[in-house]
Amino acid sequence: QVQLVESGGGLVQAGGSLRLSCAASGRTFSNYAMGWFRQAPGKEREFVAAISRSGDRTYSADSVKGRFTISRDNAKNTVYLQMNSLKPEDTAVYYCAARRTYDSGSYFDQNYDYWGQGTQVTVSS
């Protein structure tokens, strides 16, 4: 089992920044690729970004490319999502998730094995 706990969400004005953190415990963190997803009210959960086990490969959704950056610190068992130039449409609950492999399947939530409880991000206009 892998336990994931997100933090860092909150209320921010458009154009502002937030950094989300996801702390992992229970298994060897570096054995897992990580992803960030989000779900806005009334919408399906969508992919935001993913990172390989070592952190050498990342991929972001077009909607956040150039604004959001995913990173990880395996020594701290933590994955981050730095969010800059936030827009009201970024308002959602953000979830981190873990899976054993990093490949094109990392873009789809059904391929992840473990999930955090989510953290709310609200961007005001």
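You'll find the structure just up there.
Keep in mind it's a predicted model, so treat the numbers as computed, not measured.

**Student:** Which parts of the structure should I look at to understand the packing of aromatic side chains?
**Tutor:** Counted under the stated rule, the structure contains 10 aromatic pairs. When the centroid spacing of 6.1 Å and the interplanar angle of 75 degrees are considered together, the rings of Tyr-32 and Tyr-114 count as edge-to-face. Pair noted here: Tyr-32 is in the loop between β3 (18-25) and β4 (33-39) and Tyr-114 is in strand β10 (residues 114-115), with a separation of 82 residues, a long-range link. Tyr-114 matches Tyr-32 in its accessibility class, with the two residues each being buried. In this structure an aromatic cluster arises from ring pairing among Phe-37, Phe-47, Tyr-59, Tyr-95, Tyr-107, Phe-108, Tyr-112 and Trp-115. Taking the ring centre of Tyr-95 as reference, the NZ or CZ of Arg-45 above it sits at 5.7 Å. For the cation-ring pair, Arg-72 lies above Phe-29, with the distance from its terminal atom to the ring centre recorded as 4.3 Å.

**Student:** Mind showing me how you'd approach the environment of Met-83 here?
**Tutor:** In this structure, Met-83 sits in strand β8 (residues 78-83). Relative accessible area serves as the criterion here: at 0%, Met-83 is assigned to the buried category. Residues Met-83 and Gly-15, 68 residues apart in the sequence, show an inter-C-alpha distance of 9.9 Å. For Met-83, the contacting residues outside a window of four places in its chain are Gly-16, Ser-17, Leu-18, Leu-20, Arg-67, Phe-68, Tyr-94 and Val-121.

**Student:** Just to check I follow, could you spell out unusual backbone geometry for this structure?
**Tutor:** Only a minority of non-glycine residues have a phi that is not negative, and only a minority of peptide bonds are not trans. Its identity is not glycine, yet Asn-77 carries a phi of approximately 55 degrees, on the positive side. Locating Asn-77 in the fold gives a position in the loop between β7 (68-73) and β8. The residue Ser-85 is not glycine, and still its phi comes out positive at about 50 degrees. Inspection of the secondary structure assignment puts Ser-85 in the loop between β8 and β9 (92-99). On the basis of relative accessibility, which here comes to 40%, the residue Ser-85 falls in the partly exposed class.

**Student:** Help me out: how do you make sense of the state of the cysteines in this one?
**Tutor:** In protein chemistry, a disulfide is the covalent bond that joins the sulfur atoms of two cysteines. Evaluated as defined, the whole model comprises 1 disulfide. Here Cys-22 is linked by a disulfide to Cys-96, with a sulfur-sulfur distance of 1.9 Å. Between Cys-22 and Cys-96, the disulfide has an S-S torsion of 50 degrees and is therefore right-handed. Of this pair, Cys-22 sits in strand β3 while Cys-96 sits in strand β9; the two residues are 74 residues apart in sequence, bridging distant segments of the chain. Pair check on accessibility: Cys-22 and Cys-96 agree, each one buried.

Thresholds, definitions, all that
- Residues numbered from 1 in each chain as written.
- Predicted model: local features only at pLDDT ≥ 70, side-chain atom pairs only at ≥ 80, totals over all residues.
- Heavy atoms only, no water.
- Phe/Tyr/Trp six-rings, centres within 6.5 Å; stacked < 30°, edge-to-face > 60°.
- Helix = DSSP H or I, 4+ residues; strand = E, 2+ residues; numbered from the N terminus.
- Buried < 20%, exposed > 50% of the residue type's maximum accessible area, 1.4 Å probe, protein only.
- Lys NZ or Arg CZ within 6 Å of the ring centre and 35° of its normal.
- Contact = heavy atoms within 4.5 Å.
- Disulfide = S-S within 2.5 Å.

These values are about where atoms sit, not about what they do.
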